[in-house]
6 protein chains.
Amino acid sequence: MSNRPFDLLSLGELLLRLSPAGVERLVRGDSFQKQVGGAELNVAVGAALLGLHTGVVTQLPSHDMGNFVKNKVRSYGISDDFFVYDHSSDARLGLYYYEYGAHPRKPKVIYDRKNSSFYGISVDSFPEDMYRAATCFHTTGITLALCENTRKTAIDMIRRFKSTGTIISFDVNFRGNLWTGEEARECIEQILPYVDIFFCSEDTARLTFQKTGTAREMMKSFTEDYPISIVASTQRVVHSPKSHTFGSVIYDAARDEYYEEEPYRNIDVVDRIGSGDAYIAGALYGLLSSGGDCMKAVRYGNAASALKNTIPGDLPTSDLEEMNMIIREHNQKGPQSEMSR
Amino acid sequence: MSNRPFDLLSLGELLLRLSPAGVERLVRGDSFQKQVGGAELNVAVGAALLGLHTGVVTQLPSHDMGNFVKNKVRSYGISDDFFVYDHSSDARLGLYYYEYGAHPRKPKVIYDRKNSSFYGISVDSFPEDMYRAATCFHTTGITLALCENTRKTAIDMIRRFKSTGTIISFDVNFRGNLWTGEEARECIEQILPYVDIFFCSEDTARLTFQKTGTAREMMKSFTEDYPISIVASTQRVVHSPKSHTFGSVIYDAARDEYYEEEPYRNIDVVDRIGSGDAYIAGALYGLLSSGGDCMKAVRYGNAASALKNTIPGDLPTSDLEEMNMIIREHNQKGPQSEMSR
Amino acid sequence: MSNRPFDLLSLGELLLRLSPAGVERLVRGDSFQKQVGGAELNVAVGAALLGLHTGVVTQLPSHDMGNFVKNKVRSYGISDDFFVYDHSSDARLGLYYYEYGAHPRKPKVIYDRKNSSFYGISVDSFPEDMYRAATCFHTTGITLALCENTRKTAIDMIRRFKSTGTIISFDVNFRGNLWTGEEARECIEQILPYVDIFFCSEDTARLTFQKTGTAREMMKSFTEDYPISIVASTQRVVHSPKSHTFGSVIYDAARDEYYEEEPYRNIDVVDRIGSGDAYIAGALYGLLSSGGDCMKAVRYGNAASALKNTIPGDLPTSDLEEMNMIIREHNQKGPQSEMSR
Amino acid sequence: MSNRPFDLLSLGELLLRLSPAGVERLVRGDSFQKQVGGAELNVAVGAALLGLHTGVVTQLPSHDMGNFVKNKVRSYGISDDFFVYDHSSDARLGLYYYEYGAHPRKPKVIYDRKNSSFYGISVDSFPEDMYRAATCFHTTGITLALCENTRKTAIDMIRRFKSTGTIISFDVNFRGNLWTGEEARECIEQILPYVDIFFCSEDTARLTFQKTGTAREMMKSFTEDYPISIVASTQRVVHSPKSHTFGSVIYDAARDEYYEEEPYRNIDVVDRIGSGDAYIAGALYGLLSSGGDCMKAVRYGNAASALKNTIPGDLPTSDLEEMNMIIREHNQKGPQSEMSR
Amino acid sequence: MSNRPFDLLSLGELLLRLSPAGVERLVRGDSFQKQVGGAELNVAVGAALLGLHTGVVTQLPSHDMGNFVKNKVRSYGISDDFFVYDHSSDARLGLYYYEYGAHPRKPKVIYDRKNSSFYGISVDSFPEDMYRAATCFHTTGITLALCENTRKTAIDMIRRFKSTGTIISFDVNFRGNLWTGEEARECIEQILPYVDIFFCSEDTARLTFQKTGTAREMMKSFTEDYPISIVASTQRVVHSPKSHTFGSVIYDAARDEYYEEEPYRNIDVVDRIGSGDAYIAGALYGLLSSGGDCMKAVRYGNAASALKNTIPGDLPTSDLEEMNMIIREHNQKGPQSEMSR
Amino acid sequence: MSNRPFDLLSLGELLLRLSPAGVERLVRGDSFQKQVGGAELNVAVGAALLGLHTGVVTQLPSHDMGNFVKNKVRSYGISDDFFVYDHSSDARLGLYYYEYGAHPRKPKVIYDRKNSSFYGISVDSFPEDMYRAATCFHTTGITLALCENTRKTAIDMIRRFKSTGTIISFDVNFRGNLWTGEEARECIEQILPYVDIFFCSEDTARLTFQKTGTAREMMKSFTEDYPISIVASTQRVVHSPKSHTFGSVIYDAARDEYYEEEPYRNIDVVDRIGSGDAYIAGALYGLLSSGGDCMKAVRYGNAASALKNTIPGDLPTSDLEEMNMIIREHNQKGPQSEMSR
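Residues numbered from 1 in each chain as written. Chains lettered and ligands numbered in written order. Predicted model: local features only at pLDDT ≥ 70, side-chain atom pairs only at ≥ 80, totals over all residues. Heavy atoms only, no water.

The name given to chain A in an unreviewed UniProt entry is Sugar kinase, with the source organism recorded as Hungatella hominis. According to the UniProt record, the Sequence similarities (unreviewed entry) comment for chain A reads "Belongs to the carbohydrate kinase PfkB family." (UniProt positions renumbered as here; feature names shortened; annotations may be inferred.)

Turning to the relation of the copies chain E and chain D, a few remarks are in order. For the pair chain E and chain D, the superposition axis carries a translation of 0.0 Å, the fit reaches an RMSD of 0.0 Å, and the rotation angle comes to 180°. Each copy turns onto its partner about a two-fold axis. Residues of chain E ranked by C-alpha distance from the rotation axis are headed by Ser75 of chain E, positioned 2.0 Å from it. A high fraction, 100%, of the interface residues of chain E reappear at the interface in chain D, so the copies pair face to face through one surface. (Least-squares fit on C-alpha atoms with pLDDT ≥ 70 in both. Contact = heavy atoms within 4.5 Å.)

We now examine the interface of chain A and chain C. Counting from both sides, the interface comprises 30 residues of chain A and, opposite them, 30 residues of chain C. Between chain A and chain C we count 8 salt bridges in total. One salt bridge in this structure joins Lys72 of chain C and Asp30 of chain A, with 3.2 Å as the shortest N-O distance. At the junction of chain A with chain C, the criterion picks out 17 residue pairs in polar contact (both at pLDDT 80 or more). Mapped by element, the contributors of at least two residues to the side of chain A that touches chain C are strand S2 (15–19), strand S3 (31–37), helix H2 (64–75), strand S6 (95–99) and strand S7 (108–112) of chain A. Here the element with the most residues in the side of chain A that touches chain C is H2 of chain A; it accounts for 6 residues. Across the side of chain A that touches chain C, the residue classes break down as 11 nonpolar, 7 polar and 12 charged. The pairing of S3 of chain A with strand S3 (residues 31–37) of chain C spans 3 bridges and is antiparallel. (Salt bridge = Lys/Arg side-chain N within 4 Å of Asp/Glu carboxyl O. Polar contact = N/O pair within 3.5 Å; in protein donor to acceptor, adjacent residues only side chain to side chain. Helix = DSSP H or I, 4+ residues; strand = E, 2+ residues; numbered from the N terminus. Nonpolar A, V, L, I, M, F, W, Y, C, P; charged D, E, K, R; others polar. Pairing = 2+ DSSP bridges.)

Once that is clear, we can look at the packing of aromatic side chains. Applying the stated rule across the entire model yields 84 aromatic pairs over all chains. Centroid distance Tyr131 of chain B to Phe161 of chain B: 4.9 Å. Interplanar angle 65°. Geometry classified as edge-to-face. Here Phe161 of chain B lies in helix H4 (residues 148–163) and Tyr131 of chain B lies in the loop between strand S7 (108–112) and strand S8 (134–140), a separation of 30 residues in the sequence. Assessed through its relative accessible area of 1%, Tyr131 of chain B is described here as buried. Taken together, a centroid distance of 5.2 Å and an interplanar angle of 80° make the contact between Tyr98 of chain F and Tyr100 of chain F edge-to-face. In this structure Tyr98 of chain F comes out as buried when scored by relative accessible area, which is 1%. Feature note: the residues Phe170, Phe198, Phe209 and Phe222 of chain A constitute an aromatic cluster, connected by ring pairs. The side chain of Lys34 of chain C reaches across the aromatic face of Phe68 of chain C, ending 4.2 Å from its centre. (Phe/Tyr/Trp six-rings, centres within 6.5 Å; stacked < 30°, edge-to-face > 60°. Buried < 20%, exposed > 50% of the residue type's maximum accessible area, 1.4 Å probe, protein only. Lys NZ or Arg CZ within 6 Å of the ring centre and 35° of its normal.)

Laid out in structure tokens, this is it:
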């Protein structure tokens with residue numbers, strides 16, 4: 001990796017997540033689990049657990065709930081150097097309510113993030129040398145979609161990071177409750193000229209970007225339209241809220257090659273939130289720690305996502321040692337030990 | 001629906017349920033979950049969640065535990081207009097202990113309801129206009145079986161409700177620990193002349209009522225012997241304590257037709273208690289909200305039961321919006337979203 | 001009481017309260033207690049527990065968290081007839097974070113209620129006959145202070161209720177974080193001509209309304225300036241976050257008399273939030289159930305507040321039986337039993 | 001001590017206790033603490049912790065809840081040799097609901113023990129050699145008061161134990177919710193001729209036995225009327241549900257002497273239930289382990305009761321080592337360590 | 001069974017087990033479940049639940065944590081007659097951390113047992129008559145592997161028990177983290193001449209004892225090399241951390257016969273720790289209660305292990321009644337009730 | 001402060017703390033709170049919360065429990081740059097069991113830290129530039145007392161830090177369970193020549209260092225015997241486990257002056273563990289942030305300790321804002337708000 005202080009900086013909102021424990025429901029019960037999440041944070045945490053030096057660029061309320069988030073994030077070894085605090089009396093922490101599912105009942109999310117302190121984030125709050133501080137900068141379509149101001153800030157930051165030679169990673173992460181497909185496409189097409197590593201699901205390629213053809217053809221076509229080096233696409237099969245299969249394909253434009261491995265099957269899904277972000281964390285770790293080895297990206301991305309599904313909360317917890325053990329077992333044919341003892 | 005103030009009144013005992021959390025056992029552990037249930041209450045709650053105006057006819061101890069039950073019931077929007085309180089020093093809340101199962105260990109129930117305040121319920125405690133207050137009156141074989149007095153009261157109430165043109169709904173709900181099949185049959189045969197909607201499982205038809213033939217033949221035969229309009233029979237397949245399949249058939253005597261749909265498969269069973277009652281709630285909602293559409297009864301009954309299985313406790317929590325979403329997904333063929341977001 | 005369907009309707013915001021259990025802190029810990037509160041709700045609940053028929057006029061988000069609040073409120077027997085639902089995608093439930101104190105550390109509150117669904121409440125959403133539905137209408141300075149729209153709505157409703165002969169009860173409940181003393185005074189002076197029962201602390205009379213003289217003189221002066229019948233003022237001495245003394249004075253303008261009793265001392269404070277609202281509930285119960293007996297108002301107000309302090313959460317739980325027992329013990333001189341057995 | 005296998009056998013009902021945690025109330029909340037208690041059990045447990053070999057004579061339901069009680073009791077090293085099981089389908093475990101208090105709200109108890117399996121206990125279920133198995137036999141007025149059958153059984157057992165030279169210990173433990181003072185007096189006077197060690201509070205002596213004079217005079221008069229050797233009377237001052245003072249006097253008829261020490265002051269009361277029973281456990285330990293040293297009985301009785309008050313649940317947990325440390329500190333004048341480290 | 005006071009005594013370390021609840025991880029979270037386990041204890045508990053009179057031979061710290069273990073063990077009716085206490089200031093309770101798995105993440109164990117009080121156990125602490133107190137003595141390879149001293153003590157005890165005609169039961173229970181296969185083999189070969197009942201898995205036979213041939217051939221060969229009467233070998237198939245299949249084969253050397261039944265399939269695994277020990281408990285119960293009926297041993301062993309897998313913690317909870325019901329269902333072909341009611 | 005990267009580095013063991021929740025006891029109960037502590041860590045955390053840049057020098061096991069500690073420590077913003085990991089198979093995390101007290105029962109501590117990974121800490125594992133990295137280095141008598149190796153390492157580090165001009169802070173923290181007073185004195189006298197800031201209680205001065213005279217005389221005499229600049233001594237009065245008074249005196253040798261303020265009275269003690277360390281954190285913050293202002297040290301020391309007593313666990317949580325508010329209130333005479341709102 002380069003000699004910049006950070007391997008990865010991500011820009012995004014940090015959210016409080018409130019979930020009833022286990023099988024309890026939002027409309028009942030007397031307690032909430034108090035957790036922290038956010039697509040871009042999830043990526044930074046996952047990559048930090050694998051050994052990258054990462055940080056998050058964000059704005060938080062300056063009160064106790066902002067400090068709660070800061071403390072939780074720091075516990076994962078993520079830098080808070082680029083946390084800016086909102087001291088206004090309206091400062092608020094965006095939050096969401098989450099309820100687990102059980103077939104045929106689906107998991108449920110209710111957002112309450114509007115006008116959070118992050119909505120007021122400003123490029124002016126961050127030092128100029130931040131743009132030279134990282135090997136790679138990552139953000140997602142969520143940050144673009146939240147509001148006019150976060151969109152402007154994100155695009156501005158992408159341009160500034162790009163201008164210093166920072167690798168730009170972008171995850172479409174389309175959310176129909178934040179914007180329409182058309183709004184998303186128009187906006188994202190503005191930034192695709194800056195993107196080096198592009199995460200986009202098959203459905204989004206087809207429905208939002210109106211691509212046609214096979215999944216592989218669509219992936220490749222992005223690299224033909226834009227100077228994108230790498231396109232990654234995940235494939236999740238949801239058997240029930242508690243059982244998924246997960247795999248991915250990565251396309252390397254320079255080599256014109258696709259990378260793939262056997263998907264993880266029969267994943268015991270405890271909490272699927274953040275498993276897509278964990279994939280990105282694993283994939284970026286694979287790429288950044290190897291100078292662009294897409295097969296490594298596939299292996300760490302898939303394993304990271306499979307593992308995250310087994311962990312409650314948005315944030316992954318698996319370090320490099322655990323990840324390597326899972327990858328080893330996944331690729332091993334013979335009998336396996338049933339316990340780490 | 002008619003212009004009576006209630007769509008549905010049910011008569012039955014309200015019980016305290018004490019269960020160890022999750023996988024803990026009755027013989028161990030330091031805490032109990034404190035919940036409320038009862039077959040007829042479960043029906044009233046389920047129907048209220050879907051939009052019917054319902055109430056329960058019951059007697060409770062006048063002390064704090066009776067108030068606990070009252071508060072819990074009211075939180076579901078059920079009327080407590082016909083709650084009568086037992087002020088005697090022996091007033092007690094019937095209760096049961098429940099332990100979840102895990103294959104090959106089965107769920108376990110221990111009842112401690114004898115001589116509860118409900119056992120002393122008296123027709124004299126209720127106002128005469130109660131019998132004109134509801135479109136439909138529902139009770140079950142449990143109320144008949146508890147003791148001489150509840151049996152007398154229930155039969156008396158059935159007659160009085162019937163005499164004002166109230167639709168009578170009855171669920172056999174045979175419990176071998178309360179009475180013998182023969183006692184049940186003799187007693188229930190007294191009230192079948194008053195019943196309009198009859199819920200009876202295939203096993204009970206065969207073993208208790210000594211019917212023969214196919215399930216459909218047995219269902220029909222009840223309508224031949226008695227002036228019953230509708231017979232509903234549920235079909236549960238227990239793969240393990242954590243995985244069931246659930247479906248049902250409804251027979252409409254006037255049309256001489258059977259109604260059925262694809263059963264719900266691979267239900268992630270969290271708590272099967274009350275799922276039969278949830279079926280009845282859904283079916284009665286279907287019938288009462290449509291003037292007797294049996295297909296609607298099948299759809300809402302099946303969905304209500306499938307959903308209840310995914311909810312801890314006796315009481316359902318799914319409102320009409322959630323139910324409609326589940327029914328839509330159940331009947332949809334294409335790909336489905338994995339989350340309500 | 002009059003033959004209107006409700007004894008008391010209150011107008012106000014219903015809030016989600018999130019508190020760490022026991023002595024845990026907001027900046028740490030993995031769970032929140034999930035409770036419901038709101039000054040005007042607290043009054044309606046307290047009065048309902050004592051036997052008044054009460055309801056709340058409010059607007060809630062139509063999603064699960066709104067339903068959670070609705071269910072909780074209904075469990076106390078409060079009517080939700082005048083709950084209006086916000087179906088917009090921005091619908092949100094106002095909330096606050098609460099941390100218990102331990103001397104010398106004080107309890108702490110962080111509000112996150114801005115732009116909640118209640119902020120958008122509109123007179124147009126409520127039926128005209130609501131204004132004839134209650135013997136008494138209650139609201140507080142908080143509703144006036146939240147935003148321009150709630151202020152307008154509240155003043156409008158006060159006028160409409162007044163015009164039908166409804167008794168108007170108003171609690172200043174001054175909160176420096178919502179508006180300045182001057183703003184409060186100007187606004188409240190607009191509505192004092194409509195107020196019959198006025199709750200105002202000594203500090204607020206002095207600092208906000210710039211009254212001078214003794215507490216009793218200030219109380220009386222309000223009735224000289226405005227057609228107010230009754231002024232009540234509470235007196236709390238905070239020995240530590242866990243030990244308070246509580247008493248009150250009520251002034252009856254018609255009789256030109258002050259009512260008072262020995263304060264409750266050495267209250268074991270578990271949760272002081274809502275104890276002022278409990279006082280109002282008790283006082284209104286005393287007044288409304290007796291046709292204006294101020295001594296009864298003092299007795300029930302003080303007892304209700306003392307008891308509320310011993311209960312976690314904003315909402316009281318003491319019914320008339322418990323309240324009467326506490327009042328009896330408070331006025332009794334001899335030895336007392338140490339337990340209700 | 002004698003060479004009988006047990007130092008102490010007590011006869012009494014074992015109850016399930018259900019309490020909301022901490023400050024929660026019976027009428028609310030979603031969980032109960034699941035504990036075990038019973039006056040005579042509490043005595044046996046307290047004495048066993050100090051080193052006596054003790055057992056309980058009782059009857060329990062043969063189902064899981066009976067086993068839960070059995071397991072809990074065994075964990076304290078109490079013998080279950082004289083546990084008899086009720087295999088009837090009506091077998092039930094007596095229970096009570098308990099709510100903690102906070103001034104001015106008092107602790108609250110609701111019993112639901114009627115017709116428990118213990119009510120059917122029969123002398124015929126126990127082996128003849130049980131009556132020669134213990135140095136001391138203890139029971140209380142509660143067992144006498146429960147029902148006709150337990151009264152008969154208790155009196156019969158007292159006579160049989162007495163006839164083999166067993167020391168008879170009896171605690172009046174008057175409960176106004178079980179019988180009247182007159183009923184109690186009449187019944188207890190039948191057994192006083194058999195009693196060696198008699199526990200009776202000043203209030204009970206005065207109100208129930210209609211004694212007059214000072215506390216000490218009343219204590220002595222029992223030994224004049226009956227062949228009682230030792231009378232013990234406890235003195236509790238309840239400052240608030242959370243702060244008590246506890247002391248006692250013991251009268252030794254043979255020596256015609258009174259024994260007393262400085263009471264324990266400022267006890268941080270966590271749970272006062274069972275603290276009277278703990279006193280008896282300590283006092284019996286003092287007497288039985290010393291051949292009748294009443295001063296030892298006072299010291300261990302007082303310390304045991306003071307300690308029990310600091311422990312949640314009915315059952316004490318303090319072993320001889322802890323008790324001795326507390327007694328040492330209580331009698332020590334100089335500075336004390338603040339922690340056991 | 002013989003007229004010795006105990007049916008079974010086992011020698012082994014009692015451990016504190018610390019596990020995060022449910023799906024939480026060791027590296028996170030604010031609480032631990034506090035449980036007790038240990039291979040030889042698990043066997044004694046399982047056998048006691050089925051009706052054998054059992055005890056454990058062990059050494060514990062004399063402080064509160066030793067007492068915690070003692071109390072927990074006693075609650076299962078296990079004798080603590082042969083518990084010796086370590087009063088040294090270094091006395092410590094061995095412990096282990098346990099984390100549940102979810103596919104593809106495996107359960108994880110971290111031991112911290114070195115230099116626990118058990119490591120210093122000495123034959124001199126136990127009375128000579130202990131060696132004549134039991135029909136059967138059981139220990140495992142873990143006790144041999146912990147340290148030089150426990151190995152010496154275990155071998156010495158085996159010899160002494162054998163010399164009085166006690167049946168010697170031994171479970172290899174090979175743990176690669178305690179010793180190498182070669183160390184294990186050398187050590188165990190010293191004690192095999194004393195062993196009557198030998199528990200050894202197929203893998204261990206092949207890898208540690210370097211046996212060859214089929215599983216059955218290897219089992220038999222042990223009885224040819226040593227005077228072993230019975231060899232039992234379990235067969236577990238791990239489909240995922242939450243789903244196992246379990247069966248076993250027992251070889252009776254005297255009859256030269258193998259015993260086996262249909263394995264338990266689709267076991268809902270809650271906690272697999274101790275399920276191997278539960279097998280031994282069931283098998284020893286089968287053998288000791290029948291004078292050596294190997295088919296009974298297979299049936300009770302398999303059922304005990306299947307049931308233990310559904311129970312959290314190391315210790316089984318199933319008594320003879322539950323076990324018999326499971327065995328009956330396992331062997332029954334027709335439809336089964338889904339609940340014990 | 002100097003331009004060294006850290007304001008404060010402390011050397012010490014990081015411990016897992018296991019406590020039953022609330023009033024539960026070590027010998028009972030099913031769960032533990034899982035917390036992190038250690039005298040020197042507590043100091044680093046307290047100082048970091050106030051704004052100093054701090055780190056801990058320690059050695060931890062490389063497994064999950066070491067990572068748990070690392071994560072928890074990082075959440076407070078403490079640097080883990082000088083955490084060394086023990087990869088041996090015997091690596092263990094030292095731990096202690098803690099039970100809260102309630103008068104007359106005292107809090108209780110049981111240590112199980114012997115041979116933890118910290119015991120093997122070696123100077124060789126740390127880089128040479130560590131000794132130039134901090135303005136101040138702090139350690140305590142506990143580190144000296146644990147074992148020969150930690151003593152050697154600590155003394156060696158003190159010398160090395162001193163040689164680069166680092167301010168040396170030392171807290172005697174005498175623990176009679178780790179060494180005798182004489183051992184402590186002999187060892188500590190070796191390091192006093194290097195110490196700049198010395199924390200020593202009056203009792204320790206008298207008993208361990210055999211000083212005589214008033215507290216102030218003893219404090220001064222240390223600065224006469226050694227080149228110590230500042231001596232601080234705390235004064236705690238324990239009214240009960242739940243109520244303390246706390247104050248301190250600081251002596252500045254250069255100015256020959258004593259600094260003191262009114263103590264904090266009626267502290268609601270939630271958890272007194274770590275309150276002495278919090279004092280040191282506050283005092284060091286006062287000194288280091290001001291270039292040696294002893295009055296600032298007294299103010300922040302006292303406030304930090306008073307606040308820590310109200311927080312569960314070893315670690316403080318109060319940041320500069322909260323501390324300043326408490327100090328302001330402590331010095332304010334008039335009426336105070338009862339809540340931070």
